[in-house]
Amino acid sequence: MTRSQDLFTEAQKHLVGGVDSPVRAFKSVGGNPLFISRAQGAHIYDADGKKYIDYVGSYGPMILGHVHPKVLNAVERTVKNGFCFGASTEGEIELAMLVKEAFPSIEMVRFVNSGTEAVMSAIRLARAYTKRDKIVKFSGCYHGHSDFLLAEAGSGLMTYGLPASAGVTKNTAQDTFIAPYNDIQFLKDLFEKYNGEIAAVIIEPVVGNMGVVLPEGNYLKELSALTTSHGIQLIFDEVMTGFRKEFGGVQTLFGVTPDITCLGKIIGGGMPVGAYGAKRELMEMVAPLGPVYQAGTLSGNPVSMAAGIATLNELKEPNTYASLNAVTTRLAEGIRKLATAKNIPMQVAKHGSMITPFFCDGKVTNYDLAKKADTDRYAKFFNLIIESGIFAPPSQFEAWFVSTAHTTKHIDETLDIFDEVMDEL
Ligand SMILES: *Cc1c(COP(=O)(O)O)cnc(C)c1O
């Protein structure tokens, strides 16, 4: 028995499934989840002291790698002066200014504690602003676990073959329409049929939660024009994509301006955080200025703000993204070459420093195509690489994350391991 196995046995007596988030369980790939003792840079160490190159990156936040000295320093300095106060601190202003600098569509920010909270609040705001009830989400997109967004919601549910969550009422579900990603005609028809009833469309503008899936052609621009013409609020959920590929998000990259933006993950540098922002007129509807109530005991807590500020300031340094994206390209290209050489059907989807190797033929452009991927083969691949010291997401339908701590040496080490294990698939 390894120590991870012992801990997992014990954990299952006290924690549901031995985990605090279902994506951490190894249910779809088999085996026991790892217990982690520490991490440093591009590496993570399990409870037995075994070292792995980490491509989970805590599912997004750890873009600078683990325990980055500047982030550590900022956290240590801040935490010494108190953990949280129930009153405002200067860090909230500083982080808000960095977010606004990167996202011109955001004129005012509200910090919350998670991406889930950010999205939930953004939907409430959109409903209040439009005085309409219905919302549209896309199959395979995940926006946190709030009731009205849990239908066909990507990786976590997909991994367990659940269409939606139990415990969501019929009435709640009735207000949510599910649309296929990358299909503008579907939306045109839907908007015609429910003219004047739809408050918001929420989308991962580049999807990370069914694996990485990119928008085709002018999809985002057309989506934006269409929502605007119907008076529908367009919400970009950039919790994962914010600050991932550039100092900004998919909206800055594609030149599409959403009405509301949700952020999380990277902006907290590994500490709990979420944020939503929009133009002033909209944000002024939120309490204490307006009638949309939303609050939080730990919101904008100084430790999360400090970690976020240090992380974003580091990301702002020239060439950070150029080299991060280049290192990731080396990984993606390397996997593609190996798959071709070994005749393994595979699509490596990439957005900046996030990738998904899909075990399937043909490009993945929506949820139905993602579901065609060979999950048994992924499970086999996962088990072989974890044995060889590569920590990747335990699901075919997740993004892998590369950090600025990953060097070409780590990538080449990874590819050498893949070269061996892919012969066994
Ligand atoms: C992770 C994620 C969320 C949820 O964020 P939490 O902090 O886990 O609540 C929402 N939307 C997207 C796109 C995400 O990737």
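A. Up close: the domain arrangement of the protein. Domain boundaries assigned for the protein yield domain 1 (3–67 + 318–422) and domain 2 (69–315). Distance between the C-alpha centres of domain 1 and domain 2: 25 Å. On the domain 2 side, the residues contacting the 38 residues of domain 1 number 39 residues. Across the interface of domain 1 and domain 2, roughly 3,200 Å² is buried in total on both sides, 66% from carbon and sulfur atoms. Sorting the residues of domain 1 by area buried against domain 2 places Y321, H351 and Y367 first, and these three jointly supply 25% of that buried surface. Taken together, the connections running from domain 1 to domain 2 amount to 1 salt bridge. Scanning the region where domain 1 abuts domain 2 turns up 11 residue pairs in polar contact (both at pLDDT 80 or more). Secondary-structure elements contributing two or more residues to the side of domain 1 that touches domain 2 are α12 (320–341), β11 (347–351), β12 (354–358) and α13 (367–370).

B. Expanded view of the sheet that holds strand β2 (residues 43–46). Taken in spatial order, the 4 strands line up as β1-β2-β3-β13 in an open sheet, and their pairing is mixed. Sheet topology places β1 (36–40) and β13 (390–391) at the edges, where each strand pairs with a single neighbour.

C. Looking closely at the sheet that holds strand β14 (residues 400–401). Ordered in space as β11-β12-β14, the 3 strands form an open sheet in which the pairing is antiparallel. The sheet is open, and its two borders are formed by β11 and β14, each paired with just one other strand. Looking at chain direction, β12 and β14 are connected through 2 bridges and run antiparallel. In the strand pairing of β14, M354 is matched with F401. Contacts between α12 and the sheet are confined to β11 and β12, with β11 contributing the most and set at about 170° to the helix.

D. Seen up close, the layout of surface pockets. Taken as a whole, the second largest pocket holds about 670 Å³ of empty space. Along its surface, the second largest pocket is lined by 29 residues, and S88, E92, V109, R110 and F111 are the ones closest to its centre. Only α3 (90–102) and β4 (108–112) provide two or more residues apiece to the lining of the second largest pocket. Tallied by class, the residues present in the lining of the second largest pocket amount to 16 nonpolar, 9 polar and 4 charged.

E. Focus on the pattern of salt bridges. Evaluation of the coordinates by the stated rule reveals 10 salt bridges. A salt bridge links D368 to K371; the nearest nitrogen and oxygen atoms lie 3.8 Å apart. According to the relative accessible area criterion, K371 is partly exposed, its value standing at 45%. What emerges from the salt-bridge pattern is a single network uniting K342, D419 and D423.

Scoring rules and cut-offs
Residues numbered from 1 in each chain as written. Predicted model: local features only at pLDDT ≥ 70, side-chain atom pairs only at ≥ 80, totals over all residues. Heavy atoms only, no water. Domains from an automatic or database assignment. Contact = heavy atoms within 4.5 Å. Buried area = accessible area lost by both parts, 1.4 Å probe. Salt bridge = Lys/Arg side-chain N within 4 Å of Asp/Glu carboxyl O. Polar contact = N/O pair within 3.5 Å; in protein donor to acceptor, adjacent residues only side chain to side chain. Helix = DSSP H or I, 4+ residues; strand = E, 2+ residues; numbered from the N terminus. Pairing = 2+ DSSP bridges. Axes fitted to C-alpha atoms, helices over the stretch in contact; angles between N-to-C directions. 1 Å grid on protein atoms, 1.4 Å probe; cavity = no way out; pocket = protein on both sides within 12 Å on 5 of 7 lines; lining within 4 Å. Points joined across faces, edges and corners; volume = space filled by probe spheres on them. Nonpolar A, V, L, I, M, F, W, Y, C, P; charged D, E, K, R; others polar. Buried < 20%, exposed > 50% of the residue type's maximum accessible area, 1.4 Å probe, protein only.

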